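# Working through the structure, step by step
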Amino acid sequence: MADQPRRVPQIRPDCPLTNRHRLSRGGDRIANNALWRIVLVRMRYEERTRTYVERRTKEGLSKKEIIRCLKRYVARDVYHRLEGVDSL
């Protein structure tokens, strides 16, 4: 059972017209702030991320939605990098 990911109950977003689910209202504010800063720096200086932002903007996503997508990508990347670390 330890190999399976832990299920987190989904919470409906505030607006009933959106088609996404928020995993949790709680969380680590410091970690969230770090992810937000990483995303903003990448959006400004990393060419690959700027290309992604342009493409997603043309698809009709708002800046807030693009940042949300990028934060999820960065969170997965950081998690996989820390997975191999024994202890901090």
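What you see is a predicted model; the values in this text were computed from it and never measured.

Given 3.6 residues to a turn, an α-helix orients residues that are three or four positions apart in the same direction. Here helix α3 (residues 63-83) contains 21 residues, and its C-alpha end-to-end distance of 30 Å stays within 8% of the 30 Å for a straight helix at 1.5 Å per residue. The set of residues buried in α3 consists of Ile 66, Ile 67, Cys 69, Leu 70, Lys 71 and Val 74. Residues of α3 that are buried sit in contact with α1 (29-45) and α2 (47-58).

A packed helix pair is summarised by two numbers, namely the angle formed by the two axes and the spacing between the axes. The contact between α1 and α3 brings their axes to 9 Å, and the two run at 110 degrees. Taken together, the axes of α1 and α3 lie roughly perpendicular to each other. Between α1 and α3 lies a crossing whose hand is right-handed. Together, Asn 32, Leu 35, Trp 36, Ile 38, Val 39, Leu 40, Arg 42 and Met 43 of α1 and Lys 63, Ile 67, Leu 70, Lys 71, Tyr 73, Val 74, Ala 75 and Asp 77 of α3 make up the contact between the two elements. Here the contact of α1 with α3 is built from residues that sort into 11 nonpolar, one polar and four charged.

Taken residue by residue, the protein gives an average pLDDT of 81. The fraction at 70 or more is 69%. Confidence scores differ between elements of the protein, with α3 showing the lowest mean pLDDT of 92 and α2 the highest of 96.

So, about a nonpolar patch on the surface. Together, Val 78, Leu 82 and Val 85 line one region of the surface with nonpolar side chains, adding up to about 210 Å² of accessible area. Judged by relative accessible area, Leu 82 falls into the partly exposed class, the value being 44%.

Conventions we followed
Residues numbered from 1 in each chain as written. Predicted model: local features only at pLDDT ≥ 70, side-chain atom pairs only at ≥ 80, totals over all residues. Heavy atoms only, no water. Helix = DSSP H or I, 4+ residues; strand = E, 2+ residues; numbered from the N terminus. Expected span 1.5 Å × (residues − 1). Buried < 20%, exposed > 50% of the residue type's maximum accessible area, 1.4 Å probe, protein only. Contact = heavy atoms within 4.5 Å. Axes fitted to C-alpha atoms, helices over the stretch in contact; angles between N-to-C directions. Parallel < 35°, antiparallel > 145°, perpendicular 65-115°, else oblique. Left-handed = near helix turned anticlockwise from the far one by under 90°. Nonpolar A, V, L, I, M, F, W, Y, C, P; charged D, E, K, R; others polar. pLDDT = per-residue confidence, 0-100. Patch = residues over 30% accessible without salt bridge, like charges linked within 9 Å, V, L, I, M, F, W, Y side chains within 5 Å. Areas by Shrake-Rupley, 256 points an atom, 1.4 Å probe, with all protein chains shown as cover. Salt bridge = Lys/Arg side-chain N within 4 Å of Asp/Glu carboxyl O.

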